[in-house]
Amino acid sequence: MKATGIVRRIDDLGRIVIPKEIRRTLRIRESDPLEIFTDREGEIILKKYSPIGEMNTFAKQYAESLAQVSGHTAIITDRDQFIAASGGYKNAVGKSISRDLEEKLDKRETFMAARGERNFVQIFDGSDGEYMNEAIGVIICEGDVIGAVILLDDDSKSRMGEVEKKLILSAAAFLGRQMQG
C-alpha cells in the first residue's frame with residue numbers, strides 16, 4: 001500500500017471525502033459503487049466495484065464465442081478497463097480504457113466507424129491497437145452504463161455492417177440482463 005500523506009476526518013454521519021486528485025487518478029466518479037474490505041490489521045480498503053468484473057470467466061467465454069461467430073476480435077469492458085478479449089488483443093485485459101471511449105460510454109452511444117472517420121475512437125490508452133474498423137455497443141444494466149461490447153477488424157478494405165451492429169446490440173443487451181439481480 002502507498003501512503004499519500006493525506007489525512008481526512010470522518011464527519012458526524014460517518015462520511016469521509018476521497019480527495020479530488022485520488023478520484024481523478026483512479027477514475028472514481030460520483031455515484032460509482034465502491035466495495036469495502038477490512039483486514040486483520042484494522043485497515044479499511046476501498047475498491048471500485050465492477051459488476052462485469054465479477055463475471056470474469058463468463059465474459060471471457062462470451063468474447064471468444066462472439067469472435068468465432070463474427071470473425072472479428074471481440075472485447076468486453078467495464079466502465080474503466082478491459083475485462084475480456086479474444087484474438088490479438090488479449091494483452092489489453094486489465095488495462096484502462098481510453099478517455100475517448102469513456103466519454104462515448106457516458107453518452108450511451110452505440111456506433112460503428114472506420115479509422116479516419118470523425119466518430120472513430122481509439123479505445124486503448126496509447127498505441128496498443130492499429131485496428132481499422134470498430135463496432136461499439138454499450139452495456140446497460142438497470143438504467144446504468146456498466147461497460148461495452150466491442151468488435152475490431154484489422155482489414156482496411158472491409159467495413160462493419162448491419163450484422164456486426166446486431167451482434168453487438170444483442171451481446172450488450174444479453175450481458176446487461178445477466179447483471180440484473
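Above this text is the structure in question.
Residues numbered from 1 in each chain as written. Predicted model: local features only at pLDDT ≥ 70, side-chain atom pairs only at ≥ 80, totals over all residues. Heavy atoms only, no water.

### Looking at the overall build of the chain
Counting its regular elements, the chain contains four helices and seven strands. Listing each helix as α and each strand as β along the chain from the N terminus yields α-β-β-α-β-β-α-β-β-β-α. By principal-axis analysis of the C-alpha atoms, the chain measures approximately 60 × 35 × 25 Å. Every one of the 181 residues in the chain was classed for burial, and the buried ones make up 39%. In the chain, 49% of the contacts between residues at least 6 apart in sequence involve partners at least 24 apart. Split by element, the accessible area of the chain, about 11,200 Å² in all, is 49% carbon and sulfur. (Helix = DSSP H or I, 4+ residues; strand = E, 2+ residues; numbered from the N terminus. Buried < 20%, exposed > 50% of the residue type's maximum accessible area, 1.4 Å probe, protein only. Contact = heavy atoms within 4.5 Å. Areas by Shrake-Rupley, 256 points an atom, 1.4 Å probe, with all protein chains shown as cover.)

### Some words on the packing of aromatic side chains
Throughout the structure, instances matching the rule amount to eight aromatic pairs. Look at Phe 58 and Tyr 62: their rings are 6.0 Å apart centre to centre, the planes differ by 45°, and that puts the pair in the tilted class. Of the two residues, Phe 58 and Tyr 62 are both situated in helix α2 (residues 56-70); the distance of four residues between them amounts to about one turn of the helix. Residue Phe 58 is classed as partly exposed on the basis of its relative accessible area of 30%. Taken together, a centroid distance of 6.1 Å and an interplanar angle of 70° make the contact between Phe 124 and Tyr 131 edge-to-face. Neither Phe 124 nor Tyr 131 differs from the other in exposure class; each is buried. Each member of the aromatic cluster is reached from another via a ring pair, and the members are Phe 82, Tyr 89, Phe 120, Phe 124 and Tyr 131. (Phe/Tyr/Trp six-rings, centres within 6.5 Å; stacked < 30°, edge-to-face > 60°.)

### Considering the side chain of Ser 70
Mapping Ser 70 onto the fold places it in helix α2. Taking relative accessible area as the criterion, Ser 70 reaches 16% and is therefore assigned buried. Reaching out from Ser 70, the side chain makes a polar contact with the backbone oxygen of Leu 66 at a distance of 2.9 Å. (Polar contact = N/O pair within 3.5 Å; in protein donor to acceptor, adjacent residues only side chain to side chain.)

### Looking at the pairing of strand β4 (residues 82-85)
Inspection of the sheet shows strand β3 (residues 73-77) paired to β4 by three bridges, in the antiparallel sense. Within the sheet, the bridge partner assigned to Thr 77 lies in β4 and is Phe 82. Here β3 hands over to β4 after four residues, the two strands then running antiparallel side by side. (Pairing = 2+ DSSP bridges.)

### Focus on the side chain of Glu 164
Inspection of the secondary structure puts Glu 164 in helix α4 (residues 162-179). With no salt bridge to any partner, buried Glu 164 finds its closest opposite charge in Arg 159, at an N-O distance of 9.6 Å. Separated by 2.8 Å, the side chain of Glu 164 and the backbone nitrogen of Gly 161 make a polar contact. Excluding anything up to four places from it in sequence, Glu 164 contacts His 72 and Leu 151. (Lys, Arg positive; Asp, Glu negative; His and termini not counted. Salt bridge = Lys/Arg side-chain N within 4 Å of Asp/Glu carboxyl O.)

### As for the pairing of strand β1 (residues 34-38)
Alignment of β1 against strand β2 (residues 44-48), held across five bridges, turns out to be antiparallel. In the sheet register, Ile 36 faces β2, and the bridge partner there is Leu 46. In sequence, β1 turns back onto β2 through a hairpin of five residues, with Gly 42 there showing a positive phi of about 85°.

None of this, on its own, says anything about what the molecule does.
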